[in-house]
Amino acid sequence: MSEPHGPEDEIEASRAPLLDHLIELRQRLIRVLIAVTLAFIVCFAFADDIYRLLLRPYEAAASLLAVQKAAQAAAQTSGLKTGFFDGLLQALHLIPSTGARPGGGPFDLLLVLIGAKEIPAVQGQVLKLIYTEPLEFFFTKLKLAGFGAVVLAFPVLASQVYGFVAPGLYKRERRAFLPFLIASPLLFTLGGALVYFFIFPFVLWFSLSQQITGTGGISVELLPKVSDYLTLVTTLLMAFGLCFQLPVVLTLLGMAGMVSSSVLREFRRYAIVGIVVVAAVVTPPDPISQLMLAVPIVLLYEISIWCVRLIEMRNQKAEAEASDA
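Since we're looking at a predicted model, the values are computed, not measured.

1. A word on the side chain of Arg28
Assignment of secondary structure puts Arg28 in helix 2 (residues 18-45). If sequence neighbours within four positions are ignored, Arg28 has contacts with Gln160, Gly163 and Phe164.

2. Describing helix 9 (residues 226-243)
Here helix 9 is 18 residues long and its end C-alpha atoms lie 26 Å apart, about the 26 Å a rise of 1.5 Å per residue gives. For helix 9, every residue scored as buried is listed here: Val226, Ser227, Tyr229, Leu230, Val233, Thr234, Leu236, Leu237, Phe240 and Gly241.

3. Quick notes on the packing of helix 7 (residues 136-165) against helix 9
For the pair helix 7 and helix 9, the least separation of the axes is 9 Å and the interaxial angle reads 20 degrees. Regarding the angle of helix 7 to helix 9, the classification is roughly parallel. Both helix 7 and helix 9 take part in a crossing whose hand is left-handed. Mapping the contact onto sequence places Glu136, Phe137, Thr140, Lys143, Leu144 and Phe147 in helix 7 and Val226, Ser227, Leu230, Thr234, Leu237 and Met238 in helix 9. Taken together, the residues of the contact of helix 7 with helix 9 sort by class into seven nonpolar, three polar and two charged.

4. Remarks on the nonpolar core
If you look at the biggest cluster of nonpolar residues, it comprises 41 residues, and the most contacted ones within it are Tyr51, Phe200, Tyr229, Phe240 and Tyr301. Those elements that place two or more of their residues in this core are helix 3 (47-54), helix 4 (56-78), helix 8 (171-209), helix 9, helix 10 (246-255), helix 12 (268-282) and helix 13 (287-324). Ranked by the residues each element gives to this core, the list is headed by helix 8, at 11 residues. Setting aside anything within four residues of it in sequence, one finds Phe240 in contact with Gly191, Leu194, Val195, Ile199, Val282, Thr283 and Leu293.

5. What to know about the packing of helix 3 against helix 7
Helix 7 packs onto helix 3 with a crossing angle of 85 degrees between their chain directions and a minimal axis gap of 10 Å. The pairing of helix 3 with helix 7 is recorded here as roughly perpendicular in orientation. Together, Ala47, Asp48, Ile50, Tyr51 and Leu54 of helix 3 and Phe137, Thr140, Lys141 and Leu144 of helix 7 make up the contact between the two elements.

6. Re the packing of aromatic side chains
A ring pair, where both rings are aromatic, is described by two values, the distance of the centres and the angle of the planes. Taken as a whole, this structure holds 10 aromatic pairs when the rule is applied. Their ring planes at 85 degrees and their centres at 6.0 Å tell us that Phe44 and Phe138 sit as a pair that is edge-to-face. Placement of the pair is Phe44 in helix 2 and Phe138 in helix 7, with a sequence separation of 94 residues. With a relative accessible area of 31%, Phe44 lands in the partly exposed category.

7. A look at the confidence of the model for the chain
A residue-level look at the chain finds 75% of positions with pLDDT of 70 or above and a mean pLDDT of 79. Contacts for the low-pLDDT stretch residues 87-102, under 50 throughout, to residues beyond four places or in other chains number 29 contacts.

8. Let's talk about the layout of surface pockets
Considering only enclosed or pocket space, the largest pocket measures out at about 900 Å³ in volume. What lines the largest pocket is a set of 29 residues, among which Phe147, Gly148, Val151, Phe188 and Leu237 lie closest to the centre. Here the residues of the lining of the largest pocket are counted per class, giving 22 nonpolar, seven polar and no charged.

9. Overview of the pattern of salt bridges
Using the criterion set out here, one finds six salt bridges in the structure. Its salt-bridge partner being Arg28, residue Glu24 comes within 3.0 Å of it at the nearest N-O pair. Taken together, the residues span about one helical turn, with Glu24 and Arg28 both in helix 2 at a distance of four residues. With its nearest N and O atoms 3.8 Å apart, the salt bridge here joins Glu136 to Lys225. A residue pair is termed long-range when its members are at least 10 positions apart, and Glu136 in helix 7 and Lys225 in the loop between strand 2 (218-220) and helix 9 qualify at 89 residues. Given a relative accessible area of 8%, Glu136 falls into the buried group.

Cut-offs and rules
Residues numbered from 1 in each chain as written. Predicted model: local features only at pLDDT ≥ 70, side-chain atom pairs only at ≥ 80, totals over all residues. Heavy atoms only, no water. Helix = DSSP H or I, 4+ residues; strand = E, 2+ residues; numbered from the N terminus. Contact = heavy atoms within 4.5 Å. Expected span 1.5 Å × (residues − 1). Buried < 20%, exposed > 50% of the residue type's maximum accessible area, 1.4 Å probe, protein only. Axes fitted to C-alpha atoms, helices over the stretch in contact; angles between N-to-C directions. Parallel < 35°, antiparallel > 145°, perpendicular 65-115°, else oblique. Left-handed = near helix turned anticlockwise from the far one by under 90°. Nonpolar A, V, L, I, M, F, W, Y, C, P; charged D, E, K, R; others polar. Core = buried A, V, L, I, M, F, W, Y, C linked by side-chain atoms within 4.5 Å. Phe/Tyr/Trp six-rings, centres within 6.5 Å; stacked < 30°, edge-to-face > 60°. pLDDT = per-residue confidence, 0-100. 1 Å grid on protein atoms, 1.4 Å probe; cavity = no way out; pocket = protein on both sides within 12 Å on 5 of 7 lines; lining within 4 Å. Points joined across faces, edges and corners; volume = space filled by probe spheres on them. Salt bridge = Lys/Arg side-chain N within 4 Å of Asp/Glu carboxyl O.

Rendered as structure tokens:
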């Protein structure tokens, strides 16, 4: 049998009857199902530990807020002032970090999240979440296991999808498709890490700061339900992970000839406005968390412009070589 030489020969060599494609599809679906099932069992077995891990941002935010309230109470008795930038001033050694002015603001929370500062121990503090239905936490763990199973089994899912569609692609298309198969989960992971280590703690810190306690016998406290907390976590993870797919989407559109680098440059100002609006909608109304989403997406937009430009240069080079030949 002669070896395929041209692109059309590659497609013809991989051609198969419809029944063979259906059999292959069934086999690949079974592999994906087995991988998801095994991942689900593992995640459900460690559901309590995974949920405790998801509570880490809540714990950091609650501890820092308790320290902030203690600082304010100490300041009232000593006549000192505490404010938003106390943590920054302490980090720069412009004010003492001990005594009546311990930091507990958003900058201190940032120091805790990046590992530059330990979470202060607050005596008697208990992190409380509730569930109001008998089986609510059980179903919450099922949802958590399902979400974790999809995440763990994604490499198997992606490899099976690629293995199924690859025979129908030209060799150059397969080479172009592989980087996106790697970049997409990496960018999603990067977006999820930004949520877990930075955005979500600030969301919780802002939510906890809205409580009313010790004022005229009135108490308004945050007692999140276990299901609502998991929904918030998964929603933010999905939102940020999908936002971080911007370079992949724009680069694919550039490869398809639907957008160009010049159009993306001209549209830059409108894109930045749209990014800021999205950041304001999906984050709490504080400038720090909004900037922490808007700035990375703007940078990813700029990276997308360069990726599209590289594709254009490569295509121009290929066309020049073809015309010379």
